Amino acid sequence: MTTDSRLRVAVTRRLPDPVQDRMAALFDVTLNEDDHRFTRAELLEAMRDSDVIVPTLSDRIDADLLAEAGDRLKLIANYGAGVDHISLGAAHERGISVTNTPGVLTEDTADMAMALIIGVTRRLAEGVAVMQSGMWDGWSPTAFLGGRIGGRKLGIVGMGRIGQAIAHRARAFGMEVHYHSRTRLSPDIEQALSAKWWESLDWMMGQMDIISVNAAHTPATFHLLSARRLKLLKPSAVVINTSRGEVIDENALTRMLRAGEIAGAGLDVYEHGQEANPRLRNLPNVMLLPHMGSATLEGRIEMGEKVIDNIESFSRDERPADLVLPDML
């Protein structure tokens, strides 16, 4: 790739103004000003007409779509850390590079995980619903009794950047931190977080008060929290998921919540994208959020800056800092 002419870049969703303004100054960019979700035909057109496409998790770029994309597209600069909506193998075979935006959403996502932990355990959604309905009839000693956060055992599934940031926050609330991860942390980090490693996820599940899911979605983690594993939880346990919906068997989780076999859940992601299981919506012990974990202006601008940096590196024939290869998953 040379710098003789500006790269043609297609952006599939509306991004924060500072990001779009900088893109427009650097590239020949096509923006999605009304922020509609691209149809498959629109995605294909954008890919055929551009050197670079900037998709988000709402855009499914599979092998069949890439096979029809033509020869112009050379870079998929994903706006987001997760790339499970992109066929990395097919892109690699066609000589199309893929980048993402890791690291910038750690603190924001960890904040949201703690918000859900507190919200579900202290029954905040029920309190908000009563106040908004106008049905509150005054204070009562036994109304909306939740649980104290301090002293509870938090089991973190996936101890990467976000898992460690959650552990740091949990310690400040006086929680016991436990974790299961593919790779054990160094003794120094474990000591700093006061975190106990469990080699067996099954053993950990049965001992925890709260489970926080922070694992990426890969073939190995699909339904990592299966129906069998969910049944290992104590009836008083709470499940929090701010990572990827596919990691939990959502139907099994829903059945157990409705049957009172799990005390509650806080979910920011869903197994079928934006289609949350409708049977979850009327449960008082469940907090459902529309994938808000990374929704801070600061975080979204930083994501955009990473996208731009990756595109600029690519345009100079340099290896982008956030290049993703199929064997990384």
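- If you check an unreviewed UniProt entry, the protein appears there as D-glycerate dehydrogenase from Paracoccus aurantiacus.
- Quoted verbatim from the Sequence similarities (unreviewed entry) field of UniProt, the annotation for the protein is "Belongs to the D-isomer specific 2-hydroxyacid dehydrogenase family."

### Here's the deal with unusual backbone geometry
Moving on, step 1. With a phi angle near 50°, Ser194 is a residue other than glycine that sits in the positive phi range.
Moving on, step 2. Its place among the elements puts Ser194 in the loop between α8 (187–193) and β8 (195–197).
Moving on, step 3. Given a relative accessible area of 40%, Ser194 falls into the partly exposed group.
Moving on, step 4. We note that His291 has phi near 50°; this positive angle belongs to a residue other than glycine.
Moving on, step 5. Relative to the helices and strands, His291 resides in the loop between β12 (286–288) and α12 (297–315).

### Brief notes about the nonpolar core
Generally speaking, nonpolar side chains in soluble globular proteins are found buried as a group.
Moving on, step 1. In this structure, Ile211, Leu225, Leu230, Leu233, Leu253 and Leu257 are the most contacted members of the largest nonpolar core, which totals 28 residues.
Moving on, step 2. For this core, the secondary-structure elements that each account for two or more residues are α9 (201–205), β9 (210–213), α11 (250–258) and β11 (264–267).
Moving on, step 3. In terms of residues, this core owes the most to one element, α11, which gives four residues.
Moving on, step 4. For Leu233, the contacting residues outside a window of four places in its chain are Met205, Ile211, Val239 and Ile262.
Moving on, step 5. If you look at the next biggest cluster of nonpolar residues, it comprises 26 residues, including Met114, Val120, Ala167 and Ile210.

### Notes on the pattern of salt bridges
Moving on, step 1. Across all of its chains, the model carries 20 salt bridges by this definition.
Moving on, step 2. Residues Asp309 and Arg22 are paired through a salt bridge, measuring 4.0 Å at the closest nitrogen-oxygen approach. With a gap of 287 residues between them, Asp309 in helix α12 and Arg22 in helix α1 (residues 17–26) connect regions that are remote in the sequence.
Moving on, step 3. Measuring nitrogen to oxygen at the nearest pair gives 3.9 Å for the salt bridge that ties Lys231 to Glu261. Pair noted here: Lys231 is in the loop between α10 (227–230) and β10 (238–241) and Glu261 is in the loop between α11 and β11, with a separation of 30 residues, a long-range link.
Moving on, step 4. Since its relative accessible area comes to 56%, Lys231 is described here as exposed.
Moving on, step 5. Note on Glu261: relative accessible area 35%, which makes it partly exposed.
Moving on, step 6. One network of salt bridges, with partners in common, ties together Arg14, Asp17 and Glu33.

### Some details on the sheet that holds strand β4 (residues 75–77)
Moving on, step 1. Strand order in the open sheet formed by five strands is β2-β1-β3-β4-β5, and the pairing between neighbours is parallel. Of all the strands in the sheet, the pair left with one neighbour each is β2 (28–30) and β5 (97–99). Between one strand axis and the next, the sheet turns through 20° on average, direction left out of account.
Moving on, step 2. Looking at chain direction, strand β1 (residues 8–11) and β2 are connected through three bridges and run parallel. Counted as the bridge partner of Val9 is Val29 from β2.

### Regarding the pairing of strand β6 (residues 153–157)
Moving on, step 1. The buried count for β6 comes to four of five residues, which makes it a mostly enclosed element.
Moving on, step 2. With five bridges connecting them, β6 and strand β7 (residues 176–180) associate as parallel partners. Looking at the pairing, Ile156 lines up with Tyr179 of β7.
Moving on, step 3. For the handedness criterion, the β-α-β arrangement of β6, helix α7 (residues 161–172) and β7 is classed as right-handed.
Moving on, step 4. Here β6 pairs with β9 via four bridges, running parallel. By the bridge assignment, Ile156 is partnered in β9 with Ser212.

About the thresholds
Residues numbered from 1 in each chain as written. Predicted model: local features only at pLDDT ≥ 70, side-chain atom pairs only at ≥ 80, totals over all residues. Heavy atoms only, no water. UniProt positions renumbered as here; feature names shortened; annotations may be inferred. Helix = DSSP H or I, 4+ residues; strand = E, 2+ residues; numbered from the N terminus. Buried < 20%, exposed > 50% of the residue type's maximum accessible area, 1.4 Å probe, protein only. Core = buried A, V, L, I, M, F, W, Y, C linked by side-chain atoms within 4.5 Å. Contact = heavy atoms within 4.5 Å. Salt bridge = Lys/Arg side-chain N within 4 Å of Asp/Glu carboxyl O. Pairing = 2+ DSSP bridges. Axes fitted to C-alpha atoms, helices over the stretch in contact; angles between N-to-C directions. Right-handed = clockwise from strand over helix to strand, strands pointing away.

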